[in-house]
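Working through the structure, step by step
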Amino acid sequence: MNAREVAGAAARRLEAAGLEDARFEAEVLVREAAGISRAAYFAGAVLEGEARRRLEAWLERRERREPLAYITGWREFYGRRFAIGQGVLIPRPETELLVEVALRELSATPGSAVVEVGTGSGAIAVSIAAEAPGTPVTATDISREALRFAALNAAAHAPWVHFVRGDLAAPVRRADVVLANLPYIPSPEIEALEPEVSRWEPRVALDGGPDGLALIRALVADCAGRLRPRLLALEVGFGQAEAVATLGQATGAQATCIPDLAGIDRVVCLRWE
Ligand SMILES: C[S@@+](CC[C@H](N)C(=O)[O-])C[C@H]1O[C@@H](n2cnc3c(N)ncnc32)[C@H](O)[C@@H]1O
């Protein structure tokens, strides 16, 4: 059978497993399993032997609702390929907003010291370092597993990023710009998320405590009291922007919200004089 015929059969299995984008995912899995380009896929490349066995194992994993990026081992973020796997959050497209905020800030004040808190795969910190070479970029995470992926991704795209393991920004002594996409899902809501998230992504990357804001609250307090960056930019969940802006304003910061492409206030920027 050629790759497209195999993908047709694979799509029917994924549909039966309840996946919305079964056709697209089947094509990705077939192309990745066979190591072929889109052009070869449409030109009728034949799928056999080892590629067929690999695809079968991957389909079984996807039928168990393991995320596609854990199976293929990568996800694209800000135009680059990031290594991803179990133990690290899969970077989301809306998180690219934080990179844009940082790059705008850096074009106004080049050389600012940038710190990313809770770096996960390193997608934000590595993208900034690669887009604005010469910027001192430090990134923290509490998870050893996440930092293992972050180091791989830095090695591929921006080896000068400095990683340090620790609680929030505690290991950092100086920052002009702090960025963070911290866990912000309220603990009681995690079980109700789609299985790809609730069963597979690390709880430490999701769980923001009873109201979702426990870690954000702690980082705002640390920035306002000790670290005093010029700017703290935080990704927030649906409906959280106002509460986070209010938290910042209570410490004397000016707060602005930036919407994502869906019109949801996604990033809260806090600026101290
Ligand atoms: C929502 S994920 C974001 C990952 C990555 N920055 C991204 O946007 O794809 C949150 C990250 O914060 C880390 N984290 C959770 N609690 C932390 C803490 N107390 N200190 C530092 N990092 C923490 C998690 O391990 C996870 O990698």
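Scroll up for the structure.
This is a predicted model, so every value here is computed, not measured.

Quick notes on the overall build of the protein
- Scanning the protein from terminus to terminus reveals 11 helices and nine strands.
- Here the C-alpha radius of gyration of the protein, 20 Å, is about what a compact globule of 273 residues would show, namely 19 Å.
- Evaluated residue by residue, the protein yields a buried proportion of 52% over its 273 residues.
- Partitioning the contacts of the protein with sequence separation of at least 6, the portion at a separation of at least 24 is 66%.
- Surface accessibility of the protein: about 12500 Å² in total, with carbon and sulfur atoms responsible for 52%.
- Taking the average location of the 31 positive side-chain charges in the protein and that of its 37 negative ones, the two points are 4 Å from each other.

Let's talk about the packing of aromatic side chains
- A complete count under the given rule lists two aromatic pairs for this structure.
- An angle of 85° between the planes, with centres 6.1 Å apart, marks the rings of Phe77 and Phe82 as edge-to-face.
- Judged by its relative accessible area of 0%, Phe82 falls in the buried class.
- Geometry around Trp74 places Arg81 over its ring, the cationic atom sitting 3.6 Å from the centre.

Remarks on unusual backbone geometry
- A positive phi angle is found at Arg65, which is not glycine, with a value near 70°.
- Topologically, Arg65 is positioned in the loop between helix 4 (49–63) and helix 5 (68–72).
- The class for Arg65 is buried, based on a relative accessible area of 17%.
- Unlike most non-glycine residues, Tyr78 shows phi in positive territory, near 45°.
- Within the secondary structure, Tyr78 is located in the loop between strand 1 (74–77) and strand 2 (80–83).

Considerations on the pairing of strand 1
- Relative to strand 2, strand 1 is paired through four bridges, and the arrangement is antiparallel. The residue of strand 2 that forms the bridge with Phe77 is Arg80.

Cut-offs used in this document
- Residues numbered from 1 in each chain as written.
- Predicted model: local features only at pLDDT ≥ 70, side-chain atom pairs only at ≥ 80, totals over all residues.
- Heavy atoms only, no water.
- Helix = DSSP H or I, 4+ residues; strand = E, 2+ residues; numbered from the N terminus.
- Rg over C-alpha atoms; globule rule 2.2 N^0.38 Å.
- Buried < 20%, exposed > 50% of the residue type's maximum accessible area, 1.4 Å probe, protein only.
- Contact = heavy atoms within 4.5 Å.
- Areas by Shrake-Rupley, 256 points an atom, 1.4 Å probe, with all protein chains shown as cover.
- Lys, Arg positive; Asp, Glu negative; His and termini not counted.
- Charge placed at Lys NZ, Arg CZ, Asp CG, Glu CD.
- Phe/Tyr/Trp six-rings, centres within 6.5 Å; stacked < 30°, edge-to-face > 60°.
- Lys NZ or Arg CZ within 6 Å of the ring centre and 35° of its normal.
- Pairing = 2+ DSSP bridges.

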